[in-house]
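Notes for the structure review
Here are the chains, one letter per residue:
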Amino acid sequence: MLDSPIANFTASSDNQVITNLDVTGQILINGFNGVKVKNCRAGKIIVAGANVTVQDCTIIGTGTANDGITVASPLELGGGAGPPAADNATILRCNISGAENLLWLETSNSLVQDNYFHDPVGDALAHIDGIQVPQDTPGKTNNIIRHNNFDMNLGTVSSCNQFDCVTNFTIENNRYSGGSFELYLLTRNGGQTSGCVVRNNTFIENTFGGYVDEQTATGLNTYSGNIFLHSDGTPIIPPPTIP
């Protein structure tokens with residue numbers, strides 16, 4: 001059972017355990033490490049510390065131009081101080097909806113597993129993604145995106161996942177539905193996406209008939225065991241070749 005609703009909550013120490021909160025605004029972890037957020041409901045969660053776990057939470061986002069869960073260092077969030085990275089995060093078994101980017105993932109060596117991403121929001125000019133990893137220097141690396149369900153719409157959604165100039169991601173056993181393309185692995189602006197493994201995912205439907213768009217990263221990542229279905233669940237025969 002959740003506690004009585006509150007407007008916002010801010011973590012106050014390393015290794016703090018935050019449980020059963022009902023937060024209409026945001027839960028903020030700013031510079032503290034090892035924090036665990038469990039069984040909470042919030043409008044958004046901002047993770048600006050290392051080794052943080054967010055599990056079994058419901059995020060009902062605060063709308064256009066907002067993220068559901070943000071994982072990024074205080075420096076990357078524009079705070080001007082704090083640790084240089086928010087790495088080694090775990091996002092586990094969360095239900096995330098109602099934001100323009102459901103998960104903003106500016107981190108390395110992190111795990112995103114068993115989450116449900118659905119019903120994003122945004123106007124016609126919004127850049128809507130299930131998970132977005134922006135281009136950083138150095139680029140983000142060694143994240144695992146495993147066994148998540150992306151149920152995005154086909155209207156204004158950009159992608160289920162957009163990963164920009166990343167290396168050595170493992171992307172496996174996810175269900176993808178919706179977006180202009182379902183998975184962007186982008187190489188551009190002097191950066192490069194390479195060494196990613198895309199395996200055993202199910203791709204269902206998208207706006208433009210594209211499943212993976214590498215945008216000049218072709219040949220730098222590997223693919224195996226992926227399944228392609230029509231919207232009614234029947235196999236696409238012959239299956240698409242990606243990329």
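The structure we're discussing is the one just above.
This text gives an overview of the structure that appears in the document. All values derive from a computational prediction rather than experimental measurement.

With that out of the way, let us pick up the sheet that holds strand β16 (residues 170–172). Consider a sheet: its strands pair through backbone hydrogen bonds, and that pairing is either parallel or antiparallel. Across the sheet, nine strands lie side by side as β2-β4-β6-β8-β10-β13-β16-β19-β22; this open sheet has parallel pairing. A single partner strand is all that each edge strand has here, and the edge strands are β2 (17–19) and β22 (222–224). Going across the sheet, the axis of each strand differs from the next one's by a mean of 5°, ignoring polarity. Of the strand pairs in this sheet, strand β13 (residues 144–146) and β16 are connected by three bridges, and their pairing is parallel.

Okay, the pattern of salt bridges next. Per the counting criterion, the structure on display carries seven salt bridges. Linking Asp 22 and Arg 41 is a salt bridge whose minimum nitrogen-to-oxygen distance equals 2.7 Å. In this pair, Asp 22 is assigned in strand β3 (residues 22–30) and Arg 41 in strand β5 (residues 41–48), connecting sequence segments 19 residues apart. A relative accessible area of 34% places Arg 41 in the partly exposed class. The salt bridge partner of Lys 140 is Asp 136, with a shortest N-O separation of 3.7 Å. In this pair, the class of Lys 140 matches that of Asp 136, namely buried. The structure contains a network of salt bridges with shared partners spanning Glu 76, Asp 136 and Lys 140.

With eight of eight residues buried, strand β15 (residues 157–164) is to be regarded as a mostly interior element. Here strand β12 (residues 128–133) pairs with β15 via five bridges, running parallel. Residue Gln 132 lies in a different strand from β15, and its bridge partner there is Gln 162. The pairing of β15 with strand β18 (residues 181–186) spans four bridges and is classified as parallel. When the sheet's bridge partners are listed, Gln 162 is paired in β18 with Tyr 184.

This part takes up the environment of Asp 56. Checked against the element boundaries, Asp 56 lands in the loop between β6 (53–55) and β7 (58–71). Residues Asp 56 and Asp 136, 80 residues apart in the sequence, show an inter-C-alpha distance of 29 Å. Setting aside residues up to four positions removed in sequence, Asp 56 forms contacts with Asn 39, Cys 40, Leu 92, Arg 93 and Cys 94. For Asp 56, the side chain forms a polar contact with the side chain of Gln 55, separated by 3.4 Å. At 2.7 Å, the side chain of Asp 56 forms a polar contact with the side chain of Arg 93.

This next bit is on the packing of aromatic side chains. Summed over all chains, the structure comprises eight aromatic pairs. Here the aromatic residues Phe 117, Phe 150, Tyr 176, Phe 203, Tyr 211 and Phe 228 are joined through ring pairs into a cluster of three or more.

Conventions we followed
Counting from 1, residues in each chain are numbered in the order their sequence is written. A pLDDT threshold of at least 70 governs which residues receive local features in this predicted model, and a stricter bar of 80 or more applies before side-chain atom pairs are shown or counted, although totals over entire chains, interfaces and linings include all residues. Excluding hydrogens and water, the side-chain figures rest on all heavy atoms present in the structure. Two strands pair if DSSP finds at least two bridges between them. Labels follow the DSSP assignment, with helices taken as runs of H or I lasting at least four residues and strands as runs of E lasting at least two, numbered in each case from the N terminus. Here, axes are lines fitted to C-alpha atoms. For helices the fit covers the stretch in contact, and angles between N-to-C directions go from 0 to 180 degrees. Salt bridge, as applied in this entry: a Lys or Arg side-chain nitrogen positioned within 4 Å of an Asp or Glu carboxyl oxygen. Each residue is placed in one exposure class: buried if its accessible area under a 1.4 Å probe, protein chains only, is under 20% of its type's maximum, exposed if it is over 50%, and partly exposed if it falls in between. In this analysis, two residues are considered to be in contact whenever any of their non-hydrogen atoms come within 4.5 Å of each other. Whenever two N or O atoms come within 3.5 Å, that pair is a polar contact, provided that in protein one can donate a hydrogen and the other can accept it, and provided that, for residues adjacent in sequence, both atoms are side-chain atoms. Pairs were defined over the aromatic rings of Phe, Tyr and Trp, the Trp ring being its six-membered one, requiring ring centres within 6.5 Å. Orientation was assigned from the angle between planes: stacked under 30 degrees, edge-to-face over 60, tilted for the rest.

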